[in-house]
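# Report on the structure
What follows is each chain in one-letter form.
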Amino acid sequence: QVQLVESGGGLVQPGGSLRLSCAASGIIFSDNAMGWYRQAPGKGRELVARITIRGSTNYADSVKGRFTISRDNAKNTVSLQMNSLKPEDTAVYYCNARDLQYITHWGQGTQVTVSS
C-alpha cells in the first residue's frame with residue numbers, strides 16, 4: 001500500500017518560514033520523481049516544486065528564490081523549505097510521487113496558512 005504522509009504545515013506570519021516533509025512508503029522511492037503541489041481556496045492545484053530521480057529541480061515562478069525542495073533517498077523523504085512566506089502562499093500543500101511509468105500517487109495534504 002502506497003502512502004505519502006505530509007507534515008510540517010501550520011500557521012505562520014508573513015516573512016516567516018516553514019519546512020514541509022513527506023514520508024513515502026510502499027514505493028521504490030529512488031525510482032520516483034517527487035513534487036509539491038498546492039491548492040488555494042477556489043483555485044486549481046498547481047505545481048510548486050519538483051525534484052527528479054537524479055536530483056534536478058524546478059520551481060513555480062512565484063516561489064523561486066524562496067522555496068527549496070530536497071530529497072533523501074535513504075530516508076524516503078522529500079522536503080520543502082519555505083522562506084519569506086507571503087499570504088498568497090496560503091494553501092493546502094500536497095506531496096506527489098511519479099514513477100518511471102508515470103504512475104502517480106498523492107498525499108492527503110497539509111494546510112499552510114500565512115497570516116498576521
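Residue indices begin from 1 for each chain and proceed along its sequence in written order. Per-residue local features of the predicted model are confined to residues with pLDDT of at least 70, and side-chain atom pairs are confined, for both listing and counting, to 80 or more; whole-chain, interface and lining totals are unaffected and use all residues. Hydrogens and water molecules were not included; the side-chain quantities draw on all heavy atoms of the structure.

### Things to note about the overall build of the protein chain
Which entries qualify depends on this criterion: Secondary structure elements are taken from DSSP: a helix is a run of H or I of four residues or more, a strand is a run of E of two residues or more, and numbering for both begins at the N terminus. When accessible area is computed with a 1.4 Å probe and restricted to protein chains, residues below 20% of their type maximum are described as buried, those above 50% as exposed, and intermediate ones as partly exposed. Between two residues, a contact is recorded if the distance between any of their heavy atoms is within 4.5 Å. Each accessible area value is a Shrake-Rupley result obtained with a 1.4 Å probe; residue values ignore everything except the protein chains displayed when judging cover. Counted as positive: Lys and Arg. Counted as negative: Asp and Glu, with His and the chain ends omitted from the count. Where a charge sits is defined by one atom per residue type, namely NZ (Lys), CZ (Arg), CG (Asp) or CD (Glu).
Broken down by element type, the protein chain carries zero helices and 11 strands. Tracing the protein chain from N to C terminus, the helices and strands come up as β-β-β-β-β-β-β-β-β-β-β. If you line up the protein chain on its principal axes, its C-alpha atoms span 40 × 25 × 25 Å. Considering the protein chain as a whole, with its 116 residues, one finds that 41% of them fall into the buried category. For the protein chain, contacts bridging at least 24 residues in sequence account for 53% of all contacts bridging at least 6. Accessible surface, the protein chain as shown: approximately 6,100 Å² in total, 47% of it carbon and sulfur. With 12 positive and 8 negative side-chain charges, the protein chain shows a separation of 3 Å between the mean positions of the two kinds.

### Concerning the pattern of salt bridges
Note the following rule: By definition, a salt bridge exists where a carboxyl oxygen of Asp or Glu is found within 4 Å of a side-chain nitrogen of Lys or Arg.
This structure, assessed with the given rule, holds four salt bridges. The salt bridge partner of R38 is E46, with a shortest N-O separation of 2.7 Å. In this structure E46 comes out as partly exposed when scored by relative accessible area, which is 35%. When salt bridges that share partners are traced, they join R38, E46, R66 and D89 into one network.

### Thoughts on the pairing of strand β3 (residues 18–25)
To keep things clear, this is the line we draw: Strand pairing is assigned whenever DSSP detects at least two bridges linking the two strands.
What you see with β3 is a clean split: L18, L20, C22 and A24 sit on the buried side and R19, S21, A23 and S25 on the side with no burial. Where strand β1 (residues 3–7) meets β3, five bridges bridge the pair, whose relative direction is antiparallel. Residue pairing in the sheet places E6 in a bridge with C22 of β3. In the sheet, β3 pairs with strand β8 (residues 77–82) via six bridges, with the strands oriented antiparallel. Note on β8: the bridge partner recorded for C22 is V78.

### Here's the deal with the environment of V48
Along the polypeptide, V48 turns up in strand β5 (residues 46–51). Taking the C-alpha atoms as reference points, V48 and Q111, 63 residues apart in sequence, are found 14 Å from one another. With residues up to four places along the chain from it excluded, the contact list for V48 reads W36, Y37, R38, N58, Y59, A60, V63, F67, L80 and Y93.

### Some details on the packing of aromatic side chains
Cut-off, in case you're wondering: Each Phe, Tyr or Trp ring, with Trp reduced to its six-membered ring, pairs with another whose centre is within 6.5 Å; inter-plane angles below 30 degrees give stacked pairs, above 60 give edge-to-face pairs, and intermediate values give tilted ones. Charges are assigned to positions over rings by a cutoff of 6 Å between ring centre and Lys NZ or Arg CZ, combined with an angular limit of 35 degrees from the ring normal.
This model, assessed by the stated rule, comprises one aromatic pair. Each ring, one from Y37 and one from W106, has its centre 4.9 Å from the other, and the planes form 70°; the classification is edge-to-face. Pair noted here: Y37 is in strand β4 (residues 33–39) and W106 is in strand β10 (residues 104–106), with a separation of 69 residues, a long-range link. With a relative accessible area of 37%, W106 lands in the partly exposed category. A cation over an aromatic ring shows up here: R45 above the ring of Y94, its NZ or CZ 3.7 Å from the ring centre. Over the ring of W106 we find R45; its NZ or CZ atom is 4.6 Å from the centre of that ring.

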